[in-house]
Structures are given as structure tokens and as C-alpha cells.
Amino acid sequence: MFDARYKGLRLIPSKSAGRELIDYGFMIEDCKEILEKGYSPRKRSKDTIEKWMNRGNKTYNVVVVKSFNYFYNEEVYLITHFGEFTKKKLRYRKPKVF
């Protein structure tokens with residue numbers, strides 16, 4: 001079994017996050033890279049971490065929660081969300097004159 005870790009804890013995807021990873025064609029190692037090299041856009045609750053990473057015109061985000069896994073009998077980071085969105089271009093609009 002593949003063993004990806006972040007801050008010493010195993011990374012495990014939830015059922016919905018696993019589907020999102022498959023839909024976007026990413027793996028748990030990619031989540032690890034985003035968590036290690038990404039930036040935090042906003043404050044989350046105590047045991048929740050959200051990191052974003054920009055690549056080209058896309059931004060990828062990963063949300064993980066510290067949890068306890070009974071199969072491994074240890075604390076893990078549960079990947080609860082993986083997403084991708086396009087950055088918006090800021091355009092100057094000429095104001096309308098009435």
C-alpha cells in the first residue's frame with residue numbers, strides 16, 4: 001500500500017475526495033505537494049487545513065482534517081476535498097455615462 005504522509009501523519013482520502021481526485025486525474029502525492037508547497041487563503045477551524053496552489057491559469061485546493069483511523073489505529077489527515085478552478089482575469093471596465 002502506498003504511504004503518503006504530511007507532517008508525520010498518513011494522508012487518506014474520503015470517499016468523495018477520492019472521486020474528486022479521479023475526476024481531475026490527480027493522486028495523493030499531488031495532494032501532499034499542494035499541502036507542502038501551497039499557501040493558506042483563509043483561516044479554518046482548529047484541526048482543519050486548507051492549502052491552495054497556482055499552476056498556470058488554474059488554482060488547485062486541498063482540505064484535510066485531522067482524524068483517527070481505526071484500520072491503521074493511528075491519527076491521520078483525512079482529505080475531505082480536492083478542487084480546481086480557473087483564476088479570474090481582472091479587467092478594467094469603462095464606467096457608463098448617462
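Report on the accompanying structure. Starting afresh in each chain, residues are numbered from 1 along the sequence in its written order. Only residues with pLDDT of 70 or above have their local features reported here, since the model is predicted, and side-chain atom pairs are shown and tallied only from 80 upward, although totals for entire chains, interfaces and linings are computed over all residues. Side-chain descriptors were evaluated using all non-hydrogen atoms of the structure, hydrogens and water having been removed beforehand.

1. Some points on the pattern of salt bridges
Link 1 in the chain: Any carboxyl oxygen of Asp or Glu that lies within 4 Å of a side-chain nitrogen of Lys or Arg is treated as forming a salt bridge with it. Scanning all chains against the criterion turns up 7 salt bridges.
Link 2 in the chain: Across the pair Asp3 and Arg5 runs a salt bridge whose closest N-O atoms are separated by 3.2 Å.
Link 3 in the chain: Relative accessible area decides the class of each residue, using a 1.4 Å probe on protein chains only: under 20% of the type maximum gives buried, over 50% gives exposed, and in between gives partly exposed. Residue classification places Arg5 among the partly exposed residues on the basis of a relative accessible area of 28%.
Link 4 in the chain: Linking Glu50 and Arg42 is a salt bridge whose minimum nitrogen-to-oxygen distance equals 2.9 Å.
Link 5 in the chain: Via salt bridges that share partners, Asp3, Arg5, Arg10 and Glu74 belong to a single interconnected network.

2. Some details on the environment of Asn57
Link 1 in the chain: With respect to the secondary-structure elements, Asn57 resides in the loop between strand S3 (48-55) and strand S4 (58-69).
Link 2 in the chain: A residue is classified by how much of its surface remains accessible, and Asn57, at 49% relative accessible area, is partly exposed.
Link 3 in the chain: Here the alpha-carbon distance between Asn57 and Thr86, two residues 29 residues apart in the chain, equals 5.9 Å. We count a stretch as a helix when DSSP gives it H or I for four or more residues in a row; a strand needs E for two or more, and each element gets its number in order from the N terminus.

3. Description of the sheet that holds strand S5 (residues 74-86)
Link 1 in the chain: Pairing is mixed in the open sheet, where 5 strands are placed in the order S1-S2-S5-S4-S3. The open sheet terminates on both sides in strands that have one partner only, identified here as strand S1 (5-6) and S3.
Link 2 in the chain: If DSSP finds at least two bridges between two strands, the strands pair. Examined bridge by bridge, S4 and S5 share 12 bridges and lie antiparallel to one another. By the bridge assignment for S5, Asn69 is matched with Glu74.
Link 3 in the chain: Sheet strands in contact with helix H1 (residues 15-24) are strand S2 (9-13) and S5, and its direction is about 40 degrees off that of S5. Residue contacts are counted whenever heavy atoms from the two residues lie within 4.5 Å of one another. Note on method: axes are straight lines fitted to C-alpha atoms, helices fitted across the in-contact stretch only, with angles between N-to-C directions ranging 0 to 180 degrees.

Geometric descriptors of this kind do not, in isolation, establish any biological role.
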